[in-house]
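# Chain and residue survey
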Amino acid sequence: MSAEGDAKKRLAAQAALDYVEDGAVIGVGTGSTVNLFIEALIQCRQRVRAAISSSNASTQRLIAGGITVLDLNDVDELGVYVDGADEATRARHLIKGGGAALTREKIIAAAAACFVCIADETKVVERLGTFPLPIEVIPMARSLVARRLSAYGGRPVWRQGIVTDNGNHILDVHGLTIDDPPAMERELNQLAGVVTVGLFALRPADVLIVGTGQGIQVLQ
Ligand code: 5RP
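Quick caveat: nothing in here was measured; it's all calculated off a predicted structure.

### Considerations on the pattern of salt bridges
Pairing is possible between side chains that carry opposite charge, provided their charged atoms lie close to one another. With the rule as written, the count across this model stands at 10 salt bridges. With its nearest N and O atoms 2.7 Å apart, the salt bridge here joins Glu185 to Lys106. Of this pair, Glu185 sits in helix H6 (residues 181-189) while Lys106 sits in helix H4 (residues 102-111), and the two are 79 residues apart along the sequence. Note on Glu185: relative accessible area 4%, which makes it buried. Among the ionic contacts, a cluster of salt bridges with common partners joins Glu4, Lys8 and Glu121.

As structure tokens, then:
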């Protein structure tokens, strides 16, 4: 990503701090945009009690920055969750999972009262699906799920060499026409062997902060 792209991500990441309540436990996602959020959070780490992390990579960064990381099982209520996206619509439907952390991301999004998505303007699209849709699958079901996905007009490609934090595989589905994201998410969730579909539409972001050349744009 160019310095200009990084600056837009940083704008969105910095703006997300406004949603962090003092003394709260906050959810933290994964990816290069979130890494900028973590950097900003570390600068004011005394503001938060702890974090719930969506990946081993983010956990390492948080701990290195002096932020306590808790297990979601030990937290009754989660206020805000900050995470990035690979694609986002103005309706705040997302494709996520480019960093292979989609399962924990979806769990934390489900647990959080407010999901704040941060992205640079290149991520905003009219219709989802140009970015290949990541799907986490149980390894023994990889070929079965891939055959089933072909029936939806998609071209699943195994992300070889990647094992998720949960020990599973990722299929990236190219060429899908996603006209109705919640319906497609619901349908693909039903396939045996699918752990998580990288569509975040049944539980969309509540707030989408977009970093642009002219500052931030907030969709909510
Ligand atoms: C990881 C994700 C990320 O949020 C997504 O890939 C965006 O990453 P980046 O901020 O690096 O563009 O879903 O699983």
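Moving on from the model shown.
### A short note on the nonpolar core
For soluble globular proteins, the rule of thumb is that nonpolar side chains tend to be buried together. One finds Ile26, Val28, Phe37, Leu41, Val116, Ile118 and Ile209 to be the most contacted residues of the largest nonpolar core, which totals 28 residues. In terms of residue count, the dominant contributor to this core is helix H2 (residues 32-43) (7 residues). What Val116 contacts, discounting residues up to four positions off in sequence, is Ala16, Tyr19, Val80, Tyr81, Val82, Asp83, Val207 and Ile209. Ranked by size, the runner-up nonpolar core spans 20 residues in total, among them Val125, Val145, Ala146 and Leu191.

### A short note on the site of the ligand
Around the ligand sit 17 residues in total, of which Ser32, Thr33, Asp86, Gly97 and Lys123 are the nearest. Contact between the ligand and Lys96: an oxygen atom at 2.9 Å from a side-chain N or O atom of the residue. The separation between an oxygen atom of the ligand and a polar main-chain atom of Ala101 is 3.1 Å. Looking at the shell around the ligand, its residues break down into 3 nonpolar, 8 polar and 6 charged.

### Examining the sheet that holds strand S13 (residues 207-212)
Across the sheet, which stays open at both edges, the 7 strands sit in the order S3-S2-S1-S4-S7-S13-S14 with mixed pairing between neighbours. Because the sheet does not close on itself, it has two edges, and the strands there are strand S3 (69-70) and strand S14 (215-219).

### Comments concerning a nonpolar patch on the surface
On the surface, Leu11, Ile216 and Val218 cluster together into a nonpolar patch covering about 220 Å² of accessible area. Looking at the element boundaries, Val218 is found in strand S14. Judged by its relative accessible area of 36%, Val218 falls in the partly exposed class.

### Considerations on the environment of Cys44
Mapped onto the elements, Cys44 comes out in the loop between H2 and strand S2 (48-53). Classification of Cys44 by relative accessible area gives buried; the value is 13%. Sequence separation between Cys44 and Gly79 is 35 residues, and the spatial gap between their C-alpha atoms is 18 Å.

About the criteria used
Residues numbered from 1 in each chain as written. Predicted model: local features only at pLDDT ≥ 70, side-chain atom pairs only at ≥ 80, totals over all residues. Heavy atoms only, no water. Salt bridge = Lys/Arg side-chain N within 4 Å of Asp/Glu carboxyl O. Helix = DSSP H or I, 4+ residues; strand = E, 2+ residues; numbered from the N terminus. Buried < 20%, exposed > 50% of the residue type's maximum accessible area, 1.4 Å probe, protein only. Core = buried A, V, L, I, M, F, W, Y, C linked by side-chain atoms within 4.5 Å. Contact = heavy atoms within 4.5 Å. Near = heavy atom within 4 Å. Polar contact = N/O pair within 3.5 Å; in protein donor to acceptor, adjacent residues only side chain to side chain. Nonpolar A, V, L, I, M, F, W, Y, C, P; charged D, E, K, R; others polar. Pairing = 2+ DSSP bridges. Patch = residues over 30% accessible without salt bridge, like charges linked within 9 Å, V, L, I, M, F, W, Y side chains within 5 Å. Areas by Shrake-Rupley, 256 points an atom, 1.4 Å probe, with all protein chains shown as cover.

Read these as spatial facts, not as claims about activity.
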